[in-house]
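Residues per chain are reported as follows:
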Amino acid sequence: MLKADAPLGFPNRTHPAQISGELLPGGASAVGDLLEDEGNRWHRLISHLHYASDSFPLLLGGVAGFFIVRRCGTPVMKRLASIVPTLFLGVCTAVLLSVAETSLAERLHRLPLGSELLRGVRFVVLLCWLMILCAFTCLWRRAPRWAGGIALAAVVAVGAVSFFYVYLDDDRYNALAGDHAQKEVEAYAATGVVYPFLHSVGDYLEAYASYDAAAAQAILSQYEDGVIPEEKKVNLISIQLEAFADLSLYDIDGLSPDVYRGFHALQAESYTGTLITDIFAGGTAETEWAVLTGGNRHGDFAYDTNSVAWYLKSQGYTANGSHPCRDWFYNRLTVNPNLGLDDYLFTDNYYEQFIAEGEDVAYDDVFFPDLEARLTEYFATNEAPLFSFNVTYQGHGPYDTDRVWGSGDYCTGDYQQTTLNALNNYFLHIENTSDWVEQFADYLDTLDEPVVLLLYGDHKPWMGNNGSMYAELGISLDTTTEEGFRNYYSTWYLIWGNQAAKDLLGEDFQGQGPDLSPCFLMNHVFEMLGWEGSAYMQAQRETAHTLPVLHTKGWVEENGVLTATPSEEAQARVEEFQNLSSYDRNHFSY
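For clarity, every value in this text was computed on a predicted model and none was experimentally measured.

Procedures and definitions
- Residues numbered from 1 in each chain as written.
- Predicted model: local features only at pLDDT ≥ 70, side-chain atom pairs only at ≥ 80, totals over all residues.
- Heavy atoms only, no water.
- Salt bridge = Lys/Arg side-chain N within 4 Å of Asp/Glu carboxyl O.
- Helix = DSSP H or I, 4+ residues; strand = E, 2+ residues; numbered from the N terminus.
- Buried < 20%, exposed > 50% of the residue type's maximum accessible area, 1.4 Å probe, protein only.
- Expected span 1.5 Å × (residues − 1).
- Pairing = 2+ DSSP bridges.
- Axes fitted to C-alpha atoms, helices over the stretch in contact; angles between N-to-C directions.
- Parallel < 35°, antiparallel > 145°, perpendicular 65-115°, else oblique.
- Left-handed = near helix turned anticlockwise from the far one by under 90°.
- Contact = heavy atoms within 4.5 Å.
- Core = buried A, V, L, I, M, F, W, Y, C linked by side-chain atoms within 4.5 Å.
- Phe/Tyr/Trp six-rings, centres within 6.5 Å; stacked < 30°, edge-to-face > 60°.
- Lys NZ or Arg CZ within 6 Å of the ring centre and 35° of its normal.

Q: Is there a simple way to think about the pattern of salt bridges in this case?
A: Inspection of the entire model under this criterion finds 12 salt bridges. Put simply, Arg326 and Asp348 hold a salt bridge, and the shortest N to O gap is 3.3 Å. Pair noted here: Arg326 is in the loop between strand 3 (318-322) and helix 15 (332-338) and Asp348 is in the loop between helix 15 and helix 16 (364-381), with a separation of 22 residues, a long-range link. Judged by its relative accessible area of 26%, Asp348 falls in the partly exposed class. Each of Glu482, Arg486, Asp515 and Glu557 takes part in one network of salt bridges that share partners.

Q: What is the right way to read helix 16 from this model?
A: An α-helical turn contains 3.6 residues, so a residue and the one three or four places further along point in the same direction. In a regular helix each residue adds 1.5 Å, so 18 residues correspond to 26 Å; helix 16 covers 25 Å between its end C-alpha atoms and thus fits that length. Within the span of helix 16, buried status applies to Asp364, Val366, Phe367, Phe368, Asp370, Leu371, Glu372, Arg374, Leu375, Tyr378 and Phe379.

Q: Is there a simple way to explain the sheet that holds strand 7 (residues 511-512) in this structure?
A: Where strands meet in a sheet, backbone hydrogen bonds hold them as pairs that are either parallel or antiparallel. Read from one edge of the open sheet, seven strands run 3-4-1-5-6-2-7, paired in mixed fashion. The two strands at the open ends of the sheet, each matched to only one other strand, are strand 3 and strand 7.

Q: How do you make sense of the packing of helix 13 (residues 284-293) against helix 21 (residues 518-529) when you look at a structure like this?
A: Axes are the key here: two packed helices are described by the angle between their axes and the distance separating the axes. Contact pair helix 13 / helix 21: the axes reach a minimum separation of 6 Å and the direction vectors enclose 40°. Taken as axis vectors, helix 13 and helix 21 run oblique relative to one another. Note that helix 13 runs across helix 21; the crossing there is right-handed. Within the contact between the two elements, helix 13 uses Thr287, Ala290 and Val291 and helix 21 uses Pro518, Cys519, Leu521 and Met522.

Q: Where do I start with the nonpolar core in this structure?
A: A general trend in soluble globular proteins is that nonpolar side chains are found buried together. Formed by 67 residues in total, the largest nonpolar core has its most connected members in Ile239, Tyr260, Phe427 and Phe440. Those elements that place two or more of their residues in this core are strand 1 (235-241), helix 12 (261-268), helix 16, helix 17 (417-445), strand 5 (451-457), helix 18 (468-472), helix 19 (482-489) and strand 6 (493-497). For this core, the element with the highest residue contribution is helix 17, accounting for 13 residues. Contact partners of Tyr260, with chain neighbours within four places excluded, come to Phe244, Ala245, Asp246, Leu247, Ser248, Leu255, Tyr426, Phe427, Ile430 and Ser434.

Q: Any chance you could explain the packing of aromatic side chains here in plain terms?
A: The relation between two aromatic rings is expressed through the spacing of the ring centres and the mutual angle of the planes. For the structure on display, the rule yields 35 aromatic pairs. Geometrically, the ring pair formed by Phe280 and Tyr470 is tilted, given 5.9 Å between the ring centres and 55° between the ring planes. One end of the pair, Phe280, is in the loop between strand 2 (271-273) and helix 13; the other, Tyr470, is in helix 18, with 190 residues separating them in the sequence. Of note, Lys313 hangs over the ring of Trp310, and the distance from its end group to the ring centre comes to 4.1 Å. Looking at Arg403, its charged tip hangs above the ring of Trp405, at a distance of 3.8 Å from the centre.

Q: Any chance you could explain the packing of helix 11 (residues 213-220) against helix 23 (residues 568-586) here in plain terms?
A: Viewed as axis vectors pointing N to C, helix 11 and helix 23 meet at an angle of 90°, and their least axial separation amounts to 9 Å. Accordingly, the angle class assigned to the pair helix 11 and helix 23 is roughly perpendicular. Residues Ala213, Ala215, Ala216, Gln217, Ile219 and Leu220 of helix 11 pack against Glu576, Asn579, Leu580 and Tyr583 of helix 23.

Q: Please clarify how the pairing of strand 6 should be interpreted in this entry.
A: Two faces make up the sheet, and in a regular strand the side chains alternate between them. Judged by how many residues are buried, strand 6 sits mostly within the fold: five of five residues are covered. Judged from the three bridges that link them, strand 2 and strand 6 form a sheet pairing that is antiparallel. By the bridge assignment, Gly273 is partnered in strand 6 with Tyr493. Alignment of strand 5 against strand 6, held across five bridges, turns out to be antiparallel. Bridging across to strand 6, Tyr456 finds its partner in Tyr493.

Structure representation (structure tokens):
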């Protein structure tokens, strides 16, 4: 359990809005600072108008220069100065639209574009371009019609050549991104804003061009949703553990065996394997959505979308769950019901009763005891079997590098003090979670109801800018090699059953499972339980067997070998998988 000298609630609680930069491995602090500054935007803007501000003389000089040029400048300078009011108006319009969008997003329980930094920048830049172009079109001195036609044709020609032969070229893009080419978010940072945005359009065009709804429908029409026999209806509890990775697999100097003791004890009595996720140090929702939907490319789930939850509800199950964080984070308030999860519990509608006023998240000392209490109540008052899909928060990075919040004896190796501080703070969370999951399994074993427990980690933890702490630990994150790729993307999964489930299904839930992508994890669970699953799950099952790892970066596990260069047969199966996934995502069945 948690060490006595460590604060039970855990320190350094981070507001979820500051975590929206978590996709930037090595950039979390910078993004957090930027978003924090954005929260004081009016104060910061007005401060520039103060006479003591460094920018105040520049603003005065700029205004004075504008009027001087307008009165005394050359004709060319006057023409250039004449567009300044238009540009200023464009900037003001962009600010007002941003403020309006932020306010509207909060009312709709959605993340504002500015909170999702990379996505926001893409659209804001294009918005500014459109406003400026419109202003030029409306206010700039009109040229002869023939000259305008030539200019337009030239712009279209240059744009088309640049787009199709420069921006979409993978080799050129990877060469510019250099060492960051295999890490999508770092590649964005390394290649600017406009270039990576335009390059990404090629992926959308390729996906659209390859989509064949008729072919997908022809495949899916060969299957129909399987019916779960009453004698095989067990309760399924799924818990995604935030940033929980088994770092004891690496040779970390001075790592205490107590950190993972409870977790390893549960592993020893479970069916367990390696999960090769599509994310690193952030992007939690990508893993949970892959597990729920059986796909690895996701939209915004703005409408009802097929999922495991919808299928199980069609079989008489109750489908719910919890995430002890704010409901607007990843827009789960809207997304989760559209994925079939009813009455989902968040800080906003439930967990705030257990935490201090003003806090945003609850940790495992709240989450697990409360889940036990709610399960006990459910089984006492309901006959329908339960599917409970939960996502924890404890373990979320970044981890304090300035001081240690626990005893500091989780890791005592010969590393830099900042690295030791971060490691000890991370392992403080992990040891506590490790003990909680062991205790939770003990609780489930006391129940008469058959319960199967699915646990898995969503991604590796953040450990320093550009993985600096991993490098100090001697852990390669070079994703061009199999070792580095596995180190970067791999976590774990385990499937455990209480005695009642073992007796009902005749399954011991022990042994070593295959490497799996998150999109195939639930399919594998269904097979262990003897469930056919939905038509979509059945259609994808052969792919799950032949290519159990199917990564968004193009890597697959083929014939037991993880490779970035799949065979033509494997590539064809990947394309079929994506086509079926796209069709299933856009054709709701329930």
